[in-house]
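# Geometric and topological summary
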Amino acid sequence: MAGAEDTRRAAELRAAITDHNYRYHVLVEPIVTDAEYDALARELIALEEKYPELVTPDSPTQQVGSRTGDVFAPIRHVERLMSLDNVDSLEALESWRDRLARVLDGEPDGYMCEMKIDGLAVSLTYQSGVLVQGATRGDGTVGEDITANVRAIGDIPRALGAGAPTVLEVRGEIFMPVSAFAELNRRQAELGEKPYVNPRNTAAGSVRQKDPDKTGERQLSIWVYQLGHVEGAPTFARHSEAMQWLGELGLPINPDSRRVDGIDAVEAYVQDALDHRHDRDYEIDGVVVKADVLTEQAAAGFTAKSPRWAIAYKLPPEEKTTILKDILINVGRTGAVTPYAELEPVFVGGVTVTSATLHNEGELQRKDLRIGDTVIVRRAGDVIPEVVGPVLDRRPSGAEMWHMPAKCPFSGHPIVLAEGEAKARCTGGFACPSQLREYLFHFASRGAMDIEGLGYKTVDALLSNDLITDPADIFTLEPAGLLELEGWGEISVNNLLAAIEGAKDRPLARLLTALGIRMIGGTVAETLARHFGSLEAILAATPEKLEEIDGIGPEISRSLADWIGEGDNRRLVDRLAAAGVRLADPDPEERDTTLVGLSVVITGTLQDFSRDTAKAAVVERGGKVTGSVSGKTAALIAGEGGGSKLAKAESLGVPVLGEAEFKLLLADGPDAVGILNGSD
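To keep things clear, this report deals only with the structure shown in the data block. (Residues numbered from 1 in each chain as written. Predicted model: local features only at pLDDT ≥ 70, side-chain atom pairs only at ≥ 80, totals over all residues. Heavy atoms only, no water.)

For the protein chain, the count of helices and strands is 24 helices and 22 strands. The C-alpha radius of gyration computed for the protein chain amounts to 28 Å, which stays within 12% of the reference 26 Å derived for 680 residues, consistent with globular compactness. Counting only C-alpha atoms and orienting by the principal axes, one finds that the protein chain spans roughly 85 × 65 × 50 Å. A buried classification covers 50% of the 680 residues belonging to the protein chain. (Helix = DSSP H or I, 4+ residues; strand = E, 2+ residues; numbered from the N terminus. Rg over C-alpha atoms; globule rule 2.2 N^0.38 Å. Buried < 20%, exposed > 50% of the residue type's maximum accessible area, 1.4 Å probe, protein only.)

Laid out in structure tokens, this is it:
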């Protein structure tokens, strides 16, 4: 019999896990790491196995997912959607195989191995090949009606191909590709908005909101992983056969799924997933292993909430807890003041993390982060470390809310927060050494003037030796001054000066981006450059003229006017012109039209181009870069880790170009790589 302490602890665990389920599945605001959640779940399972009388009908061990929220109408699933039990070691995976083999009187006749996508589980229903319903998993029995939102997701077909059955229900995982997430946060940064934390929560939040148009804008995708209720379909012997059939109907099936024989091949698949965890254009948190033969699945059956014939192998967590030692601030190129956390070193996501951004004072206070807190830190792949939130029950007594200092610690100038803005700003301008340093680095960066060799180390050397005081000084540097720098010789000096000389002839959009005007990033800069043709014309344009342009609203025109109103900025433009920097694009008839009318999509990682420089190279030649692959896409430019866009291009017959072919396309046009010149 369970004692009073075990009974109390089981009730405490049930309440905590139920709350965490609701925060994760419905609110999309988890407050504990996956590893901490799993530890709570394992503790409850162990207690219930030891004392069966502690099992209650409402225990999370007997439930799937979480209760639904109140934003969408409820939908009752025709067949219950189950959750998966999980293991976190190869030994535990082998124990699962052994249990399954005992039930089946022998090892399964093959396994299906699939990536466990870190997204939002959904059910899609088609009638006579037409999409009629989309629903969240909910508690497995009742989900939420998200039909309008799933119809807005381009990768989810509204109609299936020939051979669709009378009724077809499938299960899948909606996710945000890593590349789309990076682009979304780039746009957030351009607008001065806070970045999103991770692709999973962003995808779930995008689906679970009221405006389908906003869902459609988020470039979400889906992998379908299971056949559900079906009427009028062929009979299949294996899960792998059913998945192939679903793919033939036009549903997105993950090409990384594999049918394998034997547990050794399963373990090899798991190891490969771990080794290449961040090589794909989607996030995973594990591997799902299923018995492939459907009669074996039926024989194995289910527990109260999970199939016995499937298991999730959870990859090592990329969230850990550590101590928030201090809160300090950085000052960026626009004067934006960003608080950041100084952390007790913690190994997470493959690296030791010692600091993480806190974005702004409002976000910091929203998360209620305080010096001395135990905090959850997340890092996945190359993503900047993020403090998710505090562990409130570990907060030290006396911990106080942090507030922005009144003066900049670098320049002594006031820090102000303008009405309606999230970011406080240092008012020091170029007199603030931190602001000037960041401005110079941005000015020379790839997406701006692209001055090779002018990174932070060189900028610091130039500033500390009083060789530059603003960006215009870059173009008047002399060899004699550079040769006096420690470690610099004739070759390095000549290389830098050659790069600076080449930057004088950059396209107008690059210069406009380099000037660092708030809300004018690469996309807006291209729009303005295309419309006006010269910096002088842009600076002379009235707000009314600016706002006539598609994509230019009052906030952008006001930001531009504020920038022009600063006397230092106008003097900077004059000095750039005097130094020989080109302030206008060639006349339209003189422009490169190699790729006019051509629409391409760029995915994966290129060796010699950043995403911004690759896009700029296409746009400079008259082409267009879009975010998603369609039948009107002329070509997909694919680097390492092409992911879902590569799979979609192949399914649509869109030509796929590697980096060498991309360079040939830029140099000699579509005919050189054998693609048709079309447009969206």
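With that settled, the discussion passes to empty space enclosed by the protein. As enumerated under the stated definition, the model contains one cavity of 30 Å³ or more in all. Of the pockets and cavities examined, the largest cavity occupies roughly 30 Å³. For the largest cavity, the full set of lining residues is Val-337, Asn-360, Glu-361, Met-404, Leu-417, Ala-422, Lys-423 and Ala-424. Partitioned by chemical class, the residues of the lining of the largest cavity number five nonpolar, one polar and two charged. (1 Å grid on protein atoms, 1.4 Å probe; cavity = no way out; pocket = protein on both sides within 12 Å on 5 of 7 lines; lining within 4 Å. Points joined across faces, edges and corners; volume = space filled by probe spheres on them. Nonpolar A, V, L, I, M, F, W, Y, C, P; charged D, E, K, R; others polar.)

When you tally the buried positions in helix H6 (residues 199-207), you get eight out of nine residues, the bulk of the element. The set of residues buried in H6 consists of Pro-199, Arg-200, Asn-201, Thr-202, Ala-203, Ala-204, Ser-206 and Val-207.

Moving on, we come to the pairing of strand E5 (residues 130-136). The pairing of strand E4 (residues 120-127) with E5 spans six bridges and is antiparallel. Considered in E5, the bridge of Leu-124 is made with Gly-134. Between the antiparallel neighbours E4 and E5 lie two residues, among them Ser-128 with a positive phi of about 50 degrees. (Pairing = 2+ DSSP bridges.)

Here we take up the sheet that holds strand E20 (residues 624-626). Pairing within the open sheet is parallel, and its four strands lie in the order E20-E19-E21-E22. With partners counted over all chains shown, the strands left at the sheet margins are E20 and strand E22 (656-657), one partner each. Where strand E19 (residues 599-603) meets E20, three bridges bridge the pair, whose relative direction is parallel. Within E20, the position partnered with Val-601 by the bridge is Thr-626.

This part covers the nonpolar core. Membership of the largest hydrophobic core comes to 55 residues, with the highest contact counts inside it found for Phe-443, Ile-451, Phe-475 and Leu-515. Looking at this core, the elements that each hand over two or more residues are helix H12 (433-444), helix H13 (456-464), helix H15 (490-503), helix H16 (508-514), helix H17 (522-532), helix H18 (535-540), helix H20 (554-565) and helix H21 (567-578). Discounting residues that sit within four places of it in the chain, Phe-443 has contacts with Ala-448, Met-449, Asp-450, Pro-471, Ile-474, Phe-475, Leu-511, Ala-514, Leu-515 and Leu-576. Judged by nonpolar contacts, the second largest core, of 31 residues, contains Leu-131, Leu-160, Ile-174 and Ala-242. (Core = buried A, V, L, I, M, F, W, Y, C linked by side-chain atoms within 4.5 Å. Contact = heavy atoms within 4.5 Å.)

It is at 10 Å that the axes of H12 and H13 come closest, and there the two elements cross at 130 degrees. Classified by the angle between their axes, H12 and H13 sit oblique to one another. The hand of the H12/H13 crossing is right-handed. Taking contact as the criterion, the partners of Leu-436, Arg-437, Glu-438, Leu-440 and Phe-441 in H12 are, on H13, Tyr-456, Val-459, Asp-460 and Leu-463. (Axes fitted to C-alpha atoms, helices over the stretch in contact; angles between N-to-C directions. Parallel < 35°, antiparallel > 145°, perpendicular 65-115°, else oblique. Left-handed = near helix turned anticlockwise from the far one by under 90°.)

Moving on, we get to the sheet that holds strand E2 (residues 86-87). One open sheet accounts for five strands, arranged E2-E11-E10-E3-E9; its pairing is mixed. A single partner strand is all that each edge strand has here, and the edge strands are E2 and strand E9 (258-260). Bridge analysis of E2 against strand E11 (residues 310-314) gives two bridges, and the strand direction is parallel. Bridging from a neighbouring strand, Asn-86 pairs with Ala-312 of E11. With respect to the sheet, helix H9 (residues 263-275) is in contact with strand E3 (111-117), E9, strand E10 (284-291) and E11, its orientation differing from that of E3 by roughly 20 degrees.

Between helix H3 (residues 90-104) and H9, the least distance of the axes is 11 Å, while the angle of their chain directions is 145 degrees. As for the relative orientation of H3 and H9, their crossing is right-handed in sense. Along the contact surface, H3 presents Leu-90, Leu-93, Glu-94 and Arg-97, while H9 presents Ile-263, Val-266, Glu-267 and Val-270. Along the lines of polarity and charge, the residues of the contact of H3 with H9 split into five nonpolar, no polar and three charged.

Within the fold, Arg-9 resides in helix H1 (residues 4-27). In the structure, Arg-9 is positioned 34 residues away from Glu-43 in sequence and 9.5 Å away in space, judged by C-alpha atoms. Look past the residues within four positions of Arg-9 in its chain and what remains in contact with it is Leu-40, Glu-43 and Leu-47. Side-chain polar atoms of Arg-9 contact the side chain of Glu-43, separated by 2.7 Å. (Polar contact = N/O pair within 3.5 Å; in protein donor to acceptor, adjacent residues only side chain to side chain.)

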